[in-house]
Amino acid sequence: MEFYPDIERSDLQDIKKFQEQKLQELLVYLEKNSPFYQKLFQENGINISDIQTLEDLRKIPTTTKDDLQQHNHDFFCIPPDKIVDYSTTSGTLGDPVTFGLSDSDLERLAYNEAISFACAGIQKGDVVQMITTIDKRFMAGLAYFLGLRKMGASVVRMGPGIPELQWDSIFRYKPKYLITVPSFLLKMIDYAEKHGVDYKNSSVYGAVCIGESIKNQDFTDNILSQKIKEKWNIKLFSTYASTEMSTAFTECEFQTGGHQHPELIITEILDDNENPVAEGENGELTITTLGVEAIPLLRFKTGDIVKAHYEPCRCGRNTMRLGPVVGRKQQMIKYKGTTLYPPAMTDILNDFNTILCYQIVIQSNEIGLDEIIIKLSTDQDQETFVNEVRDHFRAKLRVSPKIEIIDFDILSKTVFNPNSRKPITFIDLR
């Protein structure tokens, strides 16, 4: 199996031609098998033979997560007896959205993760400790396992939480890489320091970080990443993915954005009017999946605001790279004339070592304006600390949110909910 595909090193025009051929194959498949896209083509008078180039995609309406939720069954292109795995992802209207995967889709998922992990430097024979769930209908955990197995790595399936067991496993099996939510690394470090664990001399070389950003827009380490590396000098690799995409964008050794895999996904970066943004500008990532059998998606708007980077990478790949997510489009906050996204507030809160845990809550006030409440736990003098946090917000973001001090035992149960795959640090009640 080739884990550094030739297409990723090809000329940009060759990559484009390759994707256009794959796109035409996808359109034929959707017209034949997808009730949702059959109806969309018919209602919009779309003749798929008119869609020959990537630019022609703009003739087709976009698909949203609301569409997936409201017409979930109509997206399935294969009968139930060909589904070998069911996964779910959060929906915009309350209920989760169901994704089915065929045997072919699982093979594609494994291939995607294998070439993504290879991008980050993982090789055959490496031991990798998974600090993430593989159950609860969570696609990513299964994908990680399948990808590592396909590339010939050894997997330690630890699951999330319990620092003591993580360290026991690290010193027992000597993994070179961890797959984890990066903020959990701080909990592991804290446990190690309190219990005399010689973590700096462990086998761990690097961590593939999921669920939380570790980079600024210029690819420098953000506060969370800095805090980890100040204590533990390991490599941290960003990765971006979603259940809907069944595809990952993972950093290579040069760490300047997550590489696109052109054989698996077509990407567009769109403005509010669904036009492509100028190069270097932020826009909503919109994707078209290639090679998916059960639920392929065409021009699916992810809701994530990102910036694409197109210059060739020093690793030899010529593929587009995604920068860190700026924010979720639906989570954009208008606060006293200032546009904010949760990651900017998260960076500020991560500046404070004395915050034990926190949660950002957004709600609408009685006149319909966005209101920000920062709930946090600390062992510092409360009044003085609240003023420090408020001043830091004013200095960095020019806003002063409402701050509430909550007892750690109470707040931590909300933030570290055992039914959640990652810390719940942001709640939108609007």
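Under an unreviewed UniProt entry, the protein has the name Phenylacetate-CoA ligase and belongs to Chryseobacterium oleae.

Draft legend 1. Seen up close, the overall build of the protein. In terms of regular secondary structure, the protein is built from 11 helices and 20 strands. Expected size for 430 residues packed as a compact globule is a radius of gyration near 22 Å; at 22 Å, the protein falls within 12% of this value. Principal axes of the C-alpha set define a box for the protein whose edges measure 70 × 60 × 45 Å. Residues classed as buried in the protein amount to 53% of the 430 residues present. Look at the contacts in the protein between residues 6 or more apart in sequence, and 66% of them connect residues 24 or more apart. Carbon and sulfur atoms make up 47% of the accessible area of the protein, which totals about 20000 Å². Between the averaged position of the 48 positive side-chain charges in the protein and that of its 61 negative side-chain charges there is a distance of 3 Å.

Draft legend 2. Broad picture of the nonpolar core. By size, the foremost hydrophobic cluster in this structure holds 49 residues, and its most contacted members are F41, I60 and L298. Those elements that provide at least two residues to this core are α1 (12–33), α2 (35–43), β2 (97–101), α4 (103–119), α5 (139–151), β10 (265–270), β11 (282–289) and β12 (300–309). Ignoring sequence-local partners within four residues, the contact set of L298 consists of L23, L26, L27, L30, Y37, F41, L57, I60, T63, I287 and T288.

Draft legend 3. Region of the structure containing the packing of helix α9 (residues 342–350) against helix α10 (residues 382–397). Two numbers describe how α9 lies on α10: the axes approach to 10 Å, and their chain directions differ by 135°. As the angle between them shows, α9 and α10 are arranged oblique. As α9 packs across α10, the resulting crossing turns out to be right-handed. Residues A344, M345, I348 and L349 of α9 form the contact with α10, whose own contacting residues are V389, H392, F393, K396 and L397. Partitioning the contact of α9 with α10 into residue classes produces seven nonpolar, one polar and one charged.

Draft legend 4. A look at the domain arrangement of the protein. Under the domain assignment, the protein is made up of domain 1 (1–326) and domain 2 (332–428). Each of domain 1 and domain 2 has a C-alpha centre, and these two points are 28 Å apart. Counting residues at the interface gives 18 residues for domain 1 and 13 residues for domain 2. Counting each side, the surface lost to burial between domain 1 and domain 2 is near 1200 Å², with a carbon and sulfur contribution of 51%. By the criterion of area lost to domain 2, the three top residues of domain 1 are I223, K227 and V326, representing 35% of everything that side buries. Along the contact surface separating domain 1 from domain 2 lie three residue pairs in polar contact (both at pLDDT 80 or more). Ranked by the residues each element gives to the side of domain 1 that touches domain 2, the list is headed by helix α8 (residues 223–231), at three residues. Here the residues of the side of domain 1 that touches domain 2 are counted per class, giving seven nonpolar, six polar and five charged.

Draft legend 5. Main features of the packing of aromatic side chains. Counted by the stated rule, this structure contains 12 aromatic pairs. Note on Y37 and F41: the rings are 6.3 Å apart at their centroids and 35° apart in plane angle, and the pair reads as tilted. Here Y37 pairs with F41, and both are found in helix α2, just four residues apart, close to one helical turn. On the basis of relative accessibility, which here comes to 1%, the residue Y37 falls in the buried class. With a relative accessible area of 2%, F41 lands in the buried category. Joined through ring pairs, the aromatic side chains of F36, Y37, F41 and F75 make up one cluster. The cationic tip of R9 hangs over the ring face of Y4; the distance from NZ or CZ to the ring centre is 3.9 Å. Over the ring of Y4 we find R317; its NZ or CZ atom is 4.3 Å from the centre of that ring.

Conventions adopted
- Residues numbered from 1 in each chain as written.
- Predicted model: local features only at pLDDT ≥ 70, side-chain atom pairs only at ≥ 80, totals over all residues.
- Heavy atoms only, no water.
- Helix = DSSP H or I, 4+ residues; strand = E, 2+ residues; numbered from the N terminus.
- Rg over C-alpha atoms; globule rule 2.2 N^0.38 Å.
- Buried < 20%, exposed > 50% of the residue type's maximum accessible area, 1.4 Å probe, protein only.
- Contact = heavy atoms within 4.5 Å.
- Areas by Shrake-Rupley, 256 points an atom, 1.4 Å probe, with all protein chains shown as cover.
- Lys, Arg positive; Asp, Glu negative; His and termini not counted.
- Charge placed at Lys NZ, Arg CZ, Asp CG, Glu CD.
- Core = buried A, V, L, I, M, F, W, Y, C linked by side-chain atoms within 4.5 Å.
- Axes fitted to C-alpha atoms, helices over the stretch in contact; angles between N-to-C directions.
- Parallel < 35°, antiparallel > 145°, perpendicular 65-115°, else oblique.
- Left-handed = near helix turned anticlockwise from the far one by under 90°.
- Nonpolar A, V, L, I, M, F, W, Y, C, P; charged D, E, K, R; others polar.
- Domains from an automatic or database assignment.
- Buried area = accessible area lost by both parts, 1.4 Å probe.
- Polar contact = N/O pair within 3.5 Å; in protein donor to acceptor, adjacent residues only side chain to side chain.
- Phe/Tyr/Trp six-rings, centres within 6.5 Å; stacked < 30°, edge-to-face > 60°.
- Lys NZ or Arg CZ within 6 Å of the ring centre and 35° of its normal.

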